[in-house]
Amino acid sequence: MLEAFANLIGTINDWMYSYILIIMLLAVGLYFTFRGKLVQLRLLPESIRVVTEKPKGENSVSAFQALMVSTASRVGTGNIVGVATAIAAGGYGAVFWMWLIAIIGGASAFVESTLAQIYKKKNPEGGSYGGPSYYIEAALHSRALGVIFAVILIATYAGGFNMLASFNLISSFTSYSFYEAAGTVVLFGKEISMVSLIGGAVLAVLVSICIFGGGKRIVKVTGVMVPVMGVIYILMAILVMVMNITAIPGVLAKIFVEAFDFQAIFGGFMGSCVMQGIKRGLYSNEAGIGSAPNAAAAADVSHPVKQGLVQMLSVFIDTILVCTATAMMTLSTGVDIKGGLEGAPLVQASLATIFGGFGPIFITFALLLFAFTTLLGNLYYCEGCMNYIAGRKVGKTGTTIFNLAAVLLVFAGALLKVRLAWDIADVLMGFMAIINLPVIVILGNTAMKALKDYTDQRARGKDPTFKASSIGLREKTDFWN
């Protein structure tokens, strides 16, 4: 039965990314790139400036904290395992297509997070919350579609993404001798590695200890861990590139040459650099799928565009910095990317050529931090969607039941097979994008008007503030009247 399910998910995944999402992602991203006049590049310096602004309320979530929550979800095991998987399957050219989907997707990320700010709601403590479900209902007057999106998001993040994060972390242990030495055990008629069983259980316990502390603890934990984790990882990548500096020009040349090898691309499209780069790039940066707006809506800013710019910056941090770091670490060492290794073991093998036994240990430690922050950031998103579905703040009993189920899924993810783990995450993420992308196109004019309002005020030397009436917004908003 499990095999039949895996085959079905695999078929849906192949069809979805061959015929629907590749067109939607590029079309919507290009549409907002042109409408926003290259907003993702033109206002990149401005996004760095606004991320440091302090919130007005003492207990409010700052733009930086909202960035860290969304980056905690974006910057995860996909930045290591996903990049290496894409390279192993699609070759050097996959890196180019990951870059392209990030640059184009930055415009989509800007629009969805700006909309989340415009249509955000007030909570009793004076803060705010929101996301795609809320702007779907407010602007399209469809609570049913908002609920459907919320359900899919919960399934994606508590299920697909968290199971994959768990799997990716445990997969890094396959490089060590103790993985085979520990042996296996038969569970539900399947042979399961003891390392997967024990590792999954330990990770589930660690996650449960943190999530039962509540949402504010999630913000604090990710706010500390994400910057430290990201900086150390990028510094290691820079060190590897410096040690292999003579190989870098050849690697870059090969990335661009293979990216446009159309005979190879169309000869096996599903395994091509285009498809692998787009799939793994989307999984990594999440631009346009409607996840980051849930964090963006919580930020206390004077103008919605500020948070749109901040979340746009998160896409660049994720793909242009962290994913590139993994790609260059892997490719500059000369490790054979077609030698049978993929995911974490491929990156570990590349670092082992320089640092010996320390290389695999460093990647395992980085994956532990990446996985942990991803798991926490993902559950933060789910909390808001559960409240939306219930029409109120979910009580302690409901939250406890959900958290227990989420912890069990973390454990289950460690026991999955590689193809099924990736396919479940890809399909669920794809359904989110299929709903969110058309919605932000329909509402895109509102975001573009807000952008013009912002740039006009900046041109006059002002610190922009927003009023819904200034862009002719008819829908009633909680914050901007």
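These lines cover the structure that appears in this document, whether it is placed above or below. Not measured: the values here are computed from a predicted model.

### A look at the pattern of salt bridges
Enumeration over the complete set of coordinates arrives at 8 salt bridges. Ionic pairing is found between E46 and R458, a salt bridge with its closest N-O pair at 3.1 Å. Of this pair, E46 sits in helix α4 (residues 44–50) while R458 sits in helix α22 (residues 444–459), placing them 412 residues apart in sequence. Notably, a salt bridge pairs R143 with E137, separated by 3.9 Å at the nearest N-O pair. Since its relative accessible area comes to 34%, R143 is described here as partly exposed. Connected through shared salt-bridge partners, D14, R419 and D423 make up one network.

### A closer look at the side chain of T85
With respect to the element layout, T85 can be found in helix α6 (residues 81–90). Classification of T85 as buried rests on a relative accessible area of 10%. Engagement of the side chain of T85 in a polar contact is seen with the backbone oxygen of V81, the distance being 2.7 Å. Setting aside its immediate chain neighbours within four residues, T85 contacts Q276, E342, G343 and W422.

### Describing the state of the cysteines
One pass over the full model with this rule turns up 0 disulfides. Cysteine C385 remains unbridged, with the sulfur of C382 as its closest cysteine sulfur at 6.8 Å. Exposure remark for C385: the relative accessible area of 2% places this residue in the buried category.

### Brief notes about unusual backbone geometry
The backbone of K37 shows a phi angle near 55°, a positive value even though the residue is not glycine. Residue position: K37 is located in the loop between α2 (21–35) and α3 (39–42). According to the relative accessible area criterion, K37 is exposed, its value standing at 62%. Positive phi, normally seen in glycine, also occurs at L38, with a value near 60°.

### Observations regarding the packing of helix α9 (residues 143–171) against helix α11 (residues 194–211)
Interhelical geometry of α9 versus α11 gives an angle of 125° and a closest axis separation of 10 Å. Relative to α11, the element α9 lies oblique. α11 is crossed by α9, and the crossing has right-handed handedness. In this structure, α9 contributes S166, L169 and I170 to the contact, and α11 contributes V195, S196, G199, G200 and L203. Looking at side-chain class alone, the contact of α9 with α11 contains 4 nonpolar, 4 polar and no charged residues.

### Digging into a nonpolar patch on the surface
On the surface, a nonpolar cluster with roughly 440 Å² of combined accessible area is contributed by I198, V202, V205, L206 and I209. Within the secondary structure, L206 sits in helix α11. L206 gets classed as partly exposed once you look at its relative accessible area, which sits at 38%.

### Some remarks on the environment of Y92
Within the secondary structure, Y92 is located in the loop between α6 and α7 (93–118). Taking the C-alpha atoms as reference, Y92 lies 8.7 Å from A327; in sequence the two are 235 residues apart. Residue contacts for Y92: discarding those within four places in its chain leaves V251, K254, I255, E258, L331 and I337.

Rules of the game
- Residues numbered from 1 in each chain as written.
- Predicted model: local features only at pLDDT ≥ 70, side-chain atom pairs only at ≥ 80, totals over all residues.
- Heavy atoms only, no water.
- Salt bridge = Lys/Arg side-chain N within 4 Å of Asp/Glu carboxyl O.
- Helix = DSSP H or I, 4+ residues; strand = E, 2+ residues; numbered from the N terminus.
- Buried < 20%, exposed > 50% of the residue type's maximum accessible area, 1.4 Å probe, protein only.
- Polar contact = N/O pair within 3.5 Å; in protein donor to acceptor, adjacent residues only side chain to side chain.
- Contact = heavy atoms within 4.5 Å.
- Disulfide = S-S within 2.5 Å.
- Axes fitted to C-alpha atoms, helices over the stretch in contact; angles between N-to-C directions.
- Parallel < 35°, antiparallel > 145°, perpendicular 65-115°, else oblique.
- Left-handed = near helix turned anticlockwise from the far one by under 90°.
- Nonpolar A, V, L, I, M, F, W, Y, C, P; charged D, E, K, R; others polar.
- Patch = residues over 30% accessible without salt bridge, like charges linked within 9 Å, V, L, I, M, F, W, Y side chains within 5 Å.
- Areas by Shrake-Rupley, 256 points an atom, 1.4 Å probe, with all protein chains shown as cover.

Just distances and angles here, no functional claims.
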